[in-house]
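Structural description and commentary
In case you want the letters, here they are:
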Amino acid sequence: MTKIDVGSKESMTKLDRNVRKEISDLKLNLKQKTDKRNSAKQKLKRSSSESKLNRDADSLDFASSNLFKSKSSRLIDDTSLIKTYLKNQTPIRMYNSVPTQHMPPLHITNQDEVKKKFIEQKIPPVLKFKADERSIKNIVNKHSKTNFEHFFKAKSILDTVKSKYPNLINYYEANFGQKITSIKCVDLIGKYLGENKISGDLTISFAPGLTCSGRITSYMQNKNDPSTRKFSIWINDGEENQFLRKDGIISLCDHEIGTHYFRSYNDGLQIWFNERKKFGLRTTNSVELLQTEEGLAALNTLINANLKYLFLPALLYCNRTNKFDYLKLNFYLKIWLVLLTE
């Protein structure tokens, strides 16, 4: 190869390298411009959303917004709450009563009526459930076995709490703080979801009359695709729910979201989700799984509680081990529960 050929080859190589660099720079500049343009669009979109929400806030009517959906006459009228949810887009449902399609089989449909008669007239309640009598018997037979070996431990917990607090209200205030509104609860739940990086993953639904303080529900749009599952946390916002307190709502989140939701969500990511029998696993509604999960949930409830007594599980356990009629059970409960009349 001649000297001229070598010089020519070096020039071509240098030219090729320069061209490649220019192309790379052009691509980088184009990407930066595109990112900048998309960022501007996002800011414009966010600004537009904020403007829309501010207009809603001025009218105090959020029932028609995409962010908050009221299923009752109750309106969400807290402007700061709406701004809190501007980022995570968590849907909120407010109900006057529990919708029929969301009632579990053991939902008591006449609880307000029988509660009033029992308190005022000492008439033993005749409960009506959503499920038919045959289904109720099957459920009761499945879950009727109770182990009595922990009765005295449970009784000791109840006696300890009773000796330290003059009445039940004092205990709840010491454990869960002062009562707060449903709107403030939503704000605290939103922060909880954000801290656990699951903002927007659950719908928050409030309804008085739930037969429990709260629960997690889910449904699948495609039974063969766990990624299509939709989750909701239901919260009883009736006066009887003692978790509607400054610290209590976090304890309820630790129970429902920190235990039931995370277990259920992660279970859907496993290879056995639709083939539990193939892998020798019990069904998700088996007694053994429920006992284990509810036990863990009871412990998780105390993680952020101010007091570390398993008072509510102990109370429920002692009630299960004493098969009294309602009048005797009422007398039995008063041994531990001194209710404050306001």
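Okay, so let's go over this structure. (Residues numbered from 1 in each chain as written. Predicted model: local features only at pLDDT ≥ 70, side-chain atom pairs only at ≥ 80, totals over all residues. Heavy atoms only, no water.)

1. Focus on the pairing of strand β5 (residues 229-235)
- Extensive coverage of β5 is indicated by the burial of six of its seven residues.
- Here strand β3 (residues 202-206) pairs with β5 via five bridges, running parallel. In the strand pairing of β5, Ser 205 is matched with Trp 234.
- As judged from the seven bridges shared by strand β4 (residues 214-220) and β5, these two strands associate in the antiparallel manner. When the bridges of β5 are listed, Gly 214 appears paired with Ile 235. (Buried < 20%, exposed > 50% of the residue type's maximum accessible area, 1.4 Å probe, protein only. Helix = DSSP H or I, 4+ residues; strand = E, 2+ residues; numbered from the N terminus. Pairing = 2+ DSSP bridges.)

2. Thoughts on the packing of helix α8 (residues 248-267) against helix α9 (residues 287-300)
- Viewed as axis vectors pointing N to C, α8 and α9 meet at an angle of 140 degrees, and their least axial separation amounts to 8 Å. Crossing of α8 against α9: the hand is right-handed. Between α8 and α9, the contacting residues are Asp 254, His 255, Gly 258, Thr 259, His 260 and Arg 263 on the first element and Leu 289, Glu 293, Glu 294, Leu 296, Ala 297, Ala 298 and Asn 300 on the second.
- Looking at the contact of α8 with α9 residue by residue, the classes come out as four nonpolar, five polar and four charged. (Axes fitted to C-alpha atoms, helices over the stretch in contact; angles between N-to-C directions. Left-handed = near helix turned anticlockwise from the far one by under 90°. Contact = heavy atoms within 4.5 Å. Nonpolar A, V, L, I, M, F, W, Y, C, P; charged D, E, K, R; others polar.)

3. Section: the pattern of salt bridges
- Inspection of the entire model under this criterion finds nine salt bridges.
- A salt bridge links Glu 113 to Lys 117, with the shortest nitrogen-to-oxygen separation between them at 3.4 Å. Of the two residues, Glu 113 and Lys 117 both sit in helix α3 (residues 111-121), four residues apart, roughly one turn of that helix.
- For Glu 113, a relative accessible area of 46% translates into the label partly exposed.
- For Lys 137, the salt bridge identified is with Glu 133, shortest N-O distance 3.9 Å. Here Lys 137 pairs with Glu 133, and both are found in helix α4 (residues 133-143), just four residues apart, close to one helical turn.
- Residue classification places Glu 133 among the exposed residues on the basis of a relative accessible area of 60%.
- Because the salt bridges share partners, they merge into one network encompassing Arg 263, Asp 267, Arg 276 and Glu 293. (Salt bridge = Lys/Arg side-chain N within 4 Å of Asp/Glu carboxyl O.)

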